[in-house]
Amino acid sequence: MPNNHDVTHICHAAEDDKNIGHPLLDGLNAVQREAVLHHEGPLLIFAGAGSGKTRVLTHRIAYLIAERGIAPWNIFAVTFTNKAAKEMKERLGKLVSERRAKAIWAGTFHSTSARLLREFGENIDVPRNFLIYDDSDQLHLIRDSLRELNIDEQKFAPRAFLAHISESKEKMVSPAAWTAPKGGQFYGHFRSVYILYQEKLRQNSALDFDDLLSETVRLLETCPHVLKTLQDRFQYILVDEYQDVNYAQYRMLSLLAKKRRNICVVGDDDQSIYLFRGADVGLILKFEEDYPDALILKLEQNYRSTQNILEAAYSVVSQNSKRKEKKLWTENPQGGLIVIHEAANEKEEAHWLLQRILDEVRYKDRKLSDFAILYRTNAQSRALEDMFRNFVTPYKIVGGMRFYERREVKDVLAYMRLVHTPTDSVSLKRIINVPARSIGATSIKAIEDSARASGVSMWEALQQTHSIPGLLPRARLRLNDFALMIRKLQEEKDHLRVTELLQHILDSTGYLDALELDKSIEGRSRAENVREMFSVTQEFEKQNELPTLTSFLEQISLVADIDSLDVDTEAVTMMTLHSSKGLEFPVVIIAGMEQNLFPHVRSHGNPYEMEEEYRLCYVGITRAKEELFLTHTSRRTMFGMLSNSSPSEFLKHIPRHLYNPPRGKSTRTEKRALSSFDPDEPDQDQVFQWHESPKVPANVSNEAEKPVFTVGDKVKHPVFGKGVILSTEGIGVNSSAKIAFANQDIKNILLEYTKLDKMP
DNA sequence: GATGCTTACGTTTTT
DNA sequence: CGTAAGCATC
């Protein structure tokens, strides 16, 4: 089986179309063509996983431009991630021209909203230099609000307020319109917290993620001239992943599409996985009501996966009651069996799947980049990463501890934000004493109180330290120095490129110098991360025609983890199931298929959330093109506590004939289980039975020519150089050795995959 | 005001 | 287990 067949090669076009021969319709099936050719009026496309919807969307846009003479700047394409927008433009560049592809409006709801508010926000008193507050910024504001309102943080979790505020905004419920549900002190406090939080956002010239959407809706609703301008601008609207749209986004679309009604939405109710973020599957099902004249198309032919994989996916998602019945079909081969594997614990799980991957690379000519490991929670990546690092196998990870969430990066960004938007007191408070300039909590409190008393921002209060009561003379001096430094940077900001500004900030604050004094490992990596910021700004300046500070900060606030995933790197990809939406891989491994983990324990007892877990599983399975591995453990350590785990209920819905036979409890297995690394030998034999490629018996092949190593042997590793064997483990393919290298590193090396020379 | 120690607490999923 | 916030001490 070819490793990276493109869908284009196995698409078969219907023969009977009058437009046959048009390059934009080439290789499309009949339904896909209809979607491309549909001219004016609403269009709803149910597009199953792997049914070529991105192709349909890009070809449809290309057709509008090339054949119908629609100006690219009159087309608005909403994608789910920035990455998807970028890819769409790249593909369009090849279909029409790069210049025209660049001119279309493509982006996420959030980035488009930010752009519109930057352009028109002044109509509704959104300042031009607004910042976008992320989760942790929001929490700061909530905490401040709770303190101000004398609400006990211990009794009422700040997160709970934030979640409920977010929910309210998604549904476009203002503090005034909000009505308290019955009972509970929480709701008694809620309105005042909501109001104060909103007030603080305004004072800081900041919008949160939800504001981007709700303020845009408010803009469209309250300013008819803006609405008209935008209705004329966005003559053709195309929306991807419509099943994950929330109410505010829905309102925004309705307003924009009202005049011309050229709205084309694509989605799949089986792939709705953002309920927690306000996504409402009901909206895609309501589209027909909203637009009774809509053309409705269904893309049900799958070009991605084998029949076995599709059947497994269907067997899971069809358990749900609230879904539009549909079943994908494919002309693809049946494919090999799915492999379900139980490991003793998360370490062994990681070890097993790493081995599987290396086996396939070795015997089936796979590349590391053919593999994706998916999991339910980010925390699961730790065991995987440890194992990959130990065995020196390249991997790339989406999410987890994000670059922009690191303390040092946030600090540097806070300086940039403060220079850009002085009213941003969250940033100000963050860095006013970083690096330490002897400005302590008492002084900060004094500024805050004084600012509140006179109704100005902290930054404004700082300009007149003499009128702040309770400041010691020395503190006053320090504060003046700080204010002067920031003012200088503010004066420069418009004449400098972002990279230069970053340099000036580091120079005048001494931030990097302070970090470099710390010689510890963390200290070094912090300094490294700050220097990495220069790559970020330089890359930004290269990629953007108008690389302003405003757009830099905006882009950083709105990047998704997935946006920076580099598909070209030769490495295994690891990410959450959520992040994997829209992607595909020849081989997919879903790890942690356990009850209470996936489906997640928090979804138990909530039928809506349980159905979402099933959809999430469906999304995960349908990422796979050729092979699927599902692993679970019998015991897993969570929160530092070891607990028993049982196989996920998803597994029992997969028909027996689709996966590998259960491994027999042979004495061999039991013996093996006693040895240190559970190599799970019988299972491995079965794995290879269903491969078409000739199997090289793994544990026989090289054993003869491989030297045997014992503790104390001196060896030479092709990458790490000279070392000494500290200990050995495992048998055959699984044998590994702990080796101490000359550079002090101690690593576990899988002997099977490393050319290790014995030295005299 | 800085530093170091203790404790409490948490993990869904993300624009 | 690992982190972050909180407290006591210098």
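Preceding block: the structure.
Notes on the structure follow.

A few points about the overall build of chain A
Helix and strand counts for chain A stand at 30 helices and 23 strands. Relative to its 760 residues, chain A shows a buried fraction of 55%. A separation threshold of at least 6 residues defines the contact pool for chain A, and within that pool the share at least 24 residues apart is 73%. Looking at chain A as shown, the accessible area adds up to about 34,400 Å², and 52% of this sits on carbon and sulfur atoms.

A closer look at the pairing of strand β14 (residues 572-576)
Where a strand is regular, its side chains alternate between the two sheet faces. Of all five residues that make up β14, five are buried, and the element is covered over most of its length. What you see with β14 is no split at all: Val572, Met574 and Thr576 on one side and Thr573 and Met575 on the other are buried throughout. Note that strand β12 (residues 371-375) and β14 share four bridges and pair parallel. Directly across from Tyr375, in β14, lies its bridge partner Thr576. Pairing analysis gives three bridges linking strand β13 (residues 395-397) to β14, with the strands arranged parallel. Bridging from a neighbouring strand, Tyr395 pairs with Val572 of β14.

Side note on the pattern of salt bridges
According to the stated counting rule, one finds 58 salt bridges in the structure shown. Across the salt bridge formed by Asp270 and Arg323, the nearest N and O atoms sit 2.8 Å from each other. You can see Asp270 sitting in the loop between β7 (263-267) and α13 (282-290) and its partner Arg323 sitting in the loop between α14 (307-317) and β10 (329-330), a full 53 residues away along the chain. Assigned by exposure class, Asp270 and Arg323 land together as buried.

Structural notes on helix α2 (residues 30-37)
Considered for burial, the residues of α2 that qualify are Gln32, Arg33, Ala35, Val36 and Leu37. Packing partners of the buried residues in α2 comprise β1 (43-47), α3 (53-66) and β8 (295-299). The residue sitting at the N-terminus of α2 and contributing the capping side-chain oxygen is Asn29; that oxygen lies 3.1 Å from the backbone nitrogen of Val31.

So, the nonpolar core
The biggest cluster of nonpolar side chains holds 48 residues, and the ones touching the most others in it are Met416, Ile432, Phe482 and Phe552. Ranked by the residues each element gives to this core, the list is headed by helix α17 (residues 407-420), at eight residues. Discounting residues that sit within four places of it in the chain, Phe482 has contacts with Tyr415, Leu418, Ile431, Ile432, Arg437, Ile439 and Leu462. Ranked by size, the runner-up nonpolar core spans 45 residues in total, among them Leu207, Leu213, Val217 and Leu230.

What to know about the protein's contact with DNA strand B
As a matter of local geometry, DNA strand B sits amid 26 residues, with Arg376, Asn378, Thr442, Ala560 and Arg602 nearest to it. Counting only atoms of DNA strand B within 4 Å of the protein, the sugar-phosphate share comes to 52%. The separation between a phosphate oxygen of DNA strand B and a polar main-chain atom of Gly440 is 3.3 Å. Contacts to DNA strand B include Ser579, whose side-chain N or O atom sits 3.3 Å from a phosphate oxygen. Per-element accounting of the surface near DNA strand B gives the leading share, three residues, to helix α19 (residues 441-454). Partitioned by chemical class, the residues of the surface near DNA strand B number eight nonpolar, 13 polar and five charged.

Topic: the sheet that holds strand β3 (residues 105-107)
Pairing in this open sheet of six strands is parallel, and the strands run β3-β2-β6-β7-β1-β8 from one edge to the other. A strand with exactly one partner marks an edge of an open sheet, and here the two such strands are β3 and β8. Across the sheet, the axes of successive neighbouring strands diverge by a mean angle of 10°, strand direction being ignored. Relative to β7, β1 is paired through four bridges, and the arrangement is parallel. Counterpart to Ile45 in the pairing with β7 is Val266.

Some details on the environment of Tyr303
Along the chain, Tyr303 turns up in the loop between β9 (301-302) and α14. In this structure Tyr303 comes out as buried when scored by relative accessible area, which is 2%. For the pair Tyr303 and Gly592, spaced 289 residues apart in sequence, the C-alpha to C-alpha distance is 28 Å. A polar atom in the side chain of Tyr303 sits 2.8 Å from the side chain of Asn29.

Description of empty space enclosed by the protein
Going through the model one piece at a time under the given rule, you end up with two cavities of 30 Å³ or more. In this model, the second largest cavity occupies a volume close to 40 Å³. Forming the boundary of the second largest cavity are Arg118, Phe130, Leu131, Ile132, His420, Thr550, Leu553, Glu554 and Ser557. Contributions of two or more residues to the lining of the second largest cavity are made by β4 (131-133) and α25 (549-558). In terms of residues, the lining of the second largest cavity owes the most to one element, α25, which gives four residues.

Overview of the sheet that holds strand β11 (residues 339-343)
Judged by pairing direction, the sheet is parallel, and its six strands sit side by side in the order β11-β16-β15-β12-β14-β13 without closing on themselves. Looking at the sheet topology across the chains shown, the edges are occupied by β11 and β13. On average, adjacent strands in this sheet sit at an angle of 20° to one another, irrespective of strand direction. Relative to β13, helix α16 (residues 381-390) is tilted by about 155°, and along the sheet it contacts β12, β13 and β14.

Regarding the packing of aromatic side chains
To describe a pair of aromatic rings, one takes the distance between the centres and the angle between the planes. Tallied over the full model, the rule gives 19 aromatic pairs. When the centroid spacing of 5.3 Å and the interplanar angle of 85° are considered together, the rings of Phe186 and Tyr187 count as edge-to-face. Exposure remark for Phe186: the relative accessible area of 16% places this residue in the buried category. Relative accessible area serves as the criterion here: at 26%, Tyr187 is assigned to the partly exposed category. Through a chain of ring-to-ring contacts, the aromatic side chains of Phe156, Phe161, Trp178, Phe186, Tyr187, Phe190 and Tyr194 assemble into a single cluster. Note that Lys322 overlies the ring of Tyr608, its terminal NZ or CZ placed 5.1 Å from the centroid.

About the cut-offs
- Residues numbered from 1 in each chain as written.
- Chains lettered and ligands numbered in written order.
- Predicted model: local features only at pLDDT ≥ 70, side-chain atom pairs only at ≥ 80, totals over all residues.
- Heavy atoms only, no water.
- Helix = DSSP H or I, 4+ residues; strand = E, 2+ residues; numbered from the N terminus.
- Buried < 20%, exposed > 50% of the residue type's maximum accessible area, 1.4 Å probe, protein only.
- Contact = heavy atoms within 4.5 Å.
- Areas by Shrake-Rupley, 256 points an atom, 1.4 Å probe, with all protein chains shown as cover.
- Pairing = 2+ DSSP bridges.
- Salt bridge = Lys/Arg side-chain N within 4 Å of Asp/Glu carboxyl O.
- Polar contact = N/O pair within 3.5 Å; in protein donor to acceptor, adjacent residues only side chain to side chain.
- Core = buried A, V, L, I, M, F, W, Y, C linked by side-chain atoms within 4.5 Å.
- Near = heavy atom within 4 Å.
- Nonpolar A, V, L, I, M, F, W, Y, C, P; charged D, E, K, R; others polar.
- Axes fitted to C-alpha atoms, helices over the stretch in contact; angles between N-to-C directions.
- 1 Å grid on protein atoms, 1.4 Å probe; cavity = no way out; pocket = protein on both sides within 12 Å on 5 of 7 lines; lining within 4 Å.
- Points joined across faces, edges and corners; volume = space filled by probe spheres on them.
- Phe/Tyr/Trp six-rings, centres within 6.5 Å; stacked < 30°, edge-to-face > 60°.
- Lys NZ or Arg CZ within 6 Å of the ring centre and 35° of its normal.

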